[in-house]
Number of protein chains: 2
Amino acid sequence: MLSPQIVEGLVKDRAAWPRAQVSLVLLVLDGVGDIHHPDFGMRTPLEAARTPNLDDLARRSALGRIIPVDHGITPGSGPAHLGLFGYDPRQVEIGRGVLEAVGLDMDLRGGDVAARANFCTLKDGIVVDRRAGRPATEVSAQKVGSLQQNVRRIEDVEVILRAGKEHRFAAIFRGEGLAEGVSDTDPHENGEPIRKAEALRPEAAKIARIVNEFHRRAQEVLAGQEPLNAVLMRGLAALPHIPSMEQRLKLRSCAVAAYPMYRGLARLAGMKVLEAGPTAEEAFRAYARNKDRFDFCFIHVKGTDAAGEDGDFDRKVGVIEEVDGALPIILEARPEALAITGDHSTPCCMRLHSWHPVPLLLHSPRCDAGGQGRFTERDCQAGALGTFLSMHLMSLLMAHAGLLDKFGA
Amino acid sequence: MLSPQIVEGLVKDRAAWPRAQVSLVLLVLDGVGDIHHPDFGMRTPLEAARTPNLDDLARRSALGRIIPVDHGITPGSGPAHLGLFGYDPRQVEIGRGVLEAVGLDMDLRGGDVAARANFCTLKDGIVVDRRAGRPATEVSAQKVGSLQQNVRRIEDVEVILRAGKEHRFAAIFRGEGLAEGVSDTDPHENGEPIRKAEALRPEAAKIARIVNEFHRRAQEVLAGQEPLNAVLMRGLAALPHIPSMEQRLKLRSCAVAAYPMYRGLARLAGMKVLEAGPTAEEAFRAYARNKDRFDFCFIHVKGTDAAGEDGDFDRKVGVIEEVDGALPIILEARPEALAITGDHSTPCCMRLHSWHPVPLLLHSPRCDAGGQGRFTERDCQAGALGTFLSMHLMSLLMAHAGLLDKFGA
């Protein structure tokens, strides 16, 4: 049995908790981890940043590193966060369509099937441009609006569309008898016809029919509007059935996240999403205001990842310093256990998510405080917590708050 | 496949061992690991202790840390020791009744079913005190004696009782056709009637009947003797079927342990338990006297854990220093490989078992000696062996004695 499952059986009944309600905080600086590279003076943004509050906290905390999914594996945001939330990301699959819908803040429900969709250019029945010339987001959004107006329902199935960036949009199909297990209509290369959606298992027969009919009607609506004259779909998927944080770990959970994708991932895990402004200070205040209503709060800061993907070292440093400046707001709320880490690394020199281990700081009265070291890649590597898979982090956080029973007698 | 199983297939035939017989030693200082906490001056008992012999050995040894069961999981003594003995503690379950019987040094055999039992107070058919007012151990022991005299046999099943502390005792049922899979009679809270033992699978029908009859006869014997006028049972279980150390690893194994629980756990793994006095010196001499009869010796020192659970830092230091003083007795016996570690941490500031990694010292002519560092939490964290699950320790110990073949060609 894997540790995440063992832990579910060890969570104490609330009556046996040290307090009737505790406050655990998981502060995720997206993509915060970096690497030492000559292009950036062989130091990382965490090393370069001036972080007096983090420095002080680090000395009173246990440090370590997490590996998002497994050694050498670069995670997408979905698996990376599932791991942080204590699921085994190697076991839970989130379909592309689900992530897309969730990332556009759509209200995806159990039984729905969601698709990643985009406009394409069709000529004589052949897809000549799978991205329809990368239209401006506004142009594409206007077409999505017109599609939505014309195709609200197919048979008894409701069709819900939302525009994304450039040629991208997402579709949700809602009705009785839908199930995932249908092939892509996207041929995945130019010069091919649009594929028929095919049911890969009998339960998916209806959604395949609906998807094909949607394509037919979309081409009617878009006729003559080259280069956006047809649509393609892929990653058709339903919400995965994952037990909520409360079901698994007895934690009434909330999330503070400015970006739709992370709000959606939090909702997948059964968290209540709190409203907050986009700054670290606003996010941390939202936690502090609401801490008595929840046992666990996931706080997501996006800026570190965005700066890493832009290769913008100084901006990444700036986001870290902003977080440091606002950190006292969390500390003054006195959570029983606080973890600060990232969902993965996004090295500035790579401008991409990576597989590199991610620094971790864990603070609680039961932590093995190092007495020295900063919240940096190198000091965390030497920390008492060691390096481990991120799916174990929730176990450690709960252990540090006194919420887990012994395993065996 | 998990490492413990891989290793079983790699153990060399005795004819290929470096010597016809080797001596591996696993010295377990129960609960020795601790954490740096302001209440105890930010140092651990291992750091505070004066340990010239351990210090000298550490410089000539490889250091590291073990994690008992998994990250963030606090182990009971059963899983913690199974891990040290090279079993995967996540796969082997030891029932509460088994551990209780074994912990009272009872002779539990294959086919027996054992129960954790205690006296309770029954009034008008309702359990008003599940612990019968926590009677003095002598009072309870006398009642166990009277129960045993009156209930020696039910049908063809032998009933064997032994008193524990206060209200607690253990029962073994021995006879044909018994199997585990029967529910507790303990209602787990006051104000409820005693529950009927129920067979949770067909094979457990007989033991359920025997247990219920035992309760009826116990109430006859105890009638009018409030507050000890009835009994409750839970954790009814049979010995797990685990292959012995010799079957798995070809090691003729012995144990030196002063406490019944650890003698029992050693017997579960097929070790021969040697007699010895309670001090470290006596334990180590028992090993030295017997080393030529066995390939592997598990030596258990309880004092470190007991001191940790009492929050008694100085006593924990004292036990470590006592071990250090006696250590030359082991070293002079020149074991081929020696591991010194704990089964888990028991931080003085927590007064409980914990999940924190445990220091490990491994000495053999094949070890990657650090040349510096003491047997402390911090120095072991930086050691050449790294941090790993305790179930891998036996593999490492055997590898260091040259007992394992290559994996693959």
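Check the entry above for the structure.
The rules behind each value
Residues numbered from 1 in each chain as written. Chains lettered and ligands numbered in written order. Predicted model: local features only at pLDDT ≥ 70, side-chain atom pairs only at ≥ 80, totals over all residues. Heavy atoms only, no water. Pairing = 2+ DSSP bridges. Helix = DSSP H or I, 4+ residues; strand = E, 2+ residues; numbered from the N terminus. Axes fitted to C-alpha atoms, helices over the stretch in contact; angles between N-to-C directions. Contact = heavy atoms within 4.5 Å. Buried < 20%, exposed > 50% of the residue type's maximum accessible area, 1.4 Å probe, protein only.

Enquirer: Sorry, what's going on with the sheet that holds strand β11 (residues 296-301) of chain B here?
Expert: Residues and elements named next belong to chain B. Strands sit in the order β10-β9-β11-β1-β12-β13-β2-β14 across an open sheet of eight strands; the sheet is mixed. Two strands lie at the open edges of the sheet, namely β10 (272-274) and β14 (387-389), each paired on one side alone. When the angles between neighbouring strand axes are averaged without regard to direction, this sheet yields 25°. Sheet analysis places strand β9 (residues 253-257) next to β11, joined by five bridges and oriented parallel. Bridge pairing in β11 places Ser 253 opposite Phe 296. Helix-sheet contacts for helix α4 (residues 77-84) involve β1 (24-29), β2 (62-67), β11 and β12 (337-341), and the interaxial angle to β1 is about 155°. Of the strands in this sheet, β1, β11, β12, β13 (358-363) and β14 are in contact with helix α14 (residues 393-400), which crosses β12 at around 150°.

Enquirer: What is the right way to read unusual backbone geometry from this model?
Expert: As a rule of thumb, non-glycine residues mostly have phi less than zero, and peptide bonds are mostly trans rather than cis. In this chain, Glu 226 of chain A is followed by Pro 227 of chain A through a cis amide linkage whose omega measures 5°. Examined against the element boundaries, Pro 227 of chain A turns out to sit in the loop between α7 (205-222) and β8 (230-237). The backbone of Glu 166 of chain B sits at a positive phi, close to 50°, despite the residue not being glycine. You can see Glu 166 of chain B is positioned in the loop between β6 (157-163) and β7 (168-174). Using a relative accessible area of 28% as the deciding quantity, one classes Glu 166 of chain B as partly exposed. With a phi angle near 70°, His 188 of chain B is a residue other than glycine that sits in the positive phi range. Mapped onto the elements of the fold, His 188 of chain B is located in the loop between β7 and α7 (205-222).

Enquirer: Would you take a moment to explain helix α9 (residues 260-268) of chain A for this structure?
Expert: Helical geometry note: an α-helix holds 3.6 residues per turn, so side chains three or four residues apart project in the same direction. Here α9 of chain A has its buried residues at Tyr 262, Arg 263, Gly 264, Leu 265, Ala 266 and Leu 268 of chain A. Where α9 of chain A is buried, its residues meet α4 (77-84), α5 (96-103), β9 (253-257), β10 (272-274) and β11 (296-301) of chain A.

Enquirer: How should I be thinking about the pairing of strand β3 (residues 113-123) of chain B in this particular structure?
Expert: Two faces belong to every sheet, and in a regular strand the side chains alternate between them. Residues and elements named next belong to chain B. β3 sits mainly inside the fold: ten of its eleven residues count as buried. Of the pairings in the sheet, the one linking β3 to β7 comprises six bridges and is antiparallel in character. Bridging from a neighbouring strand, Ala 117 pairs with Phe 169 of β7. In this sheet, strand β8 (residues 230-237) lies alongside β3 in antiparallel orientation, the contact comprising six bridges. Bridging from a neighbouring strand, Asn 118 pairs with Leu 232 of β8. Where β3 meets strand β4 (residues 126-129), three bridges bridge the pair, whose relative direction is antiparallel. Considered in β4, the bridge of Lys 123 is made with Ile 126.

By themselves, these figures tell us nothing about what the structure is for.
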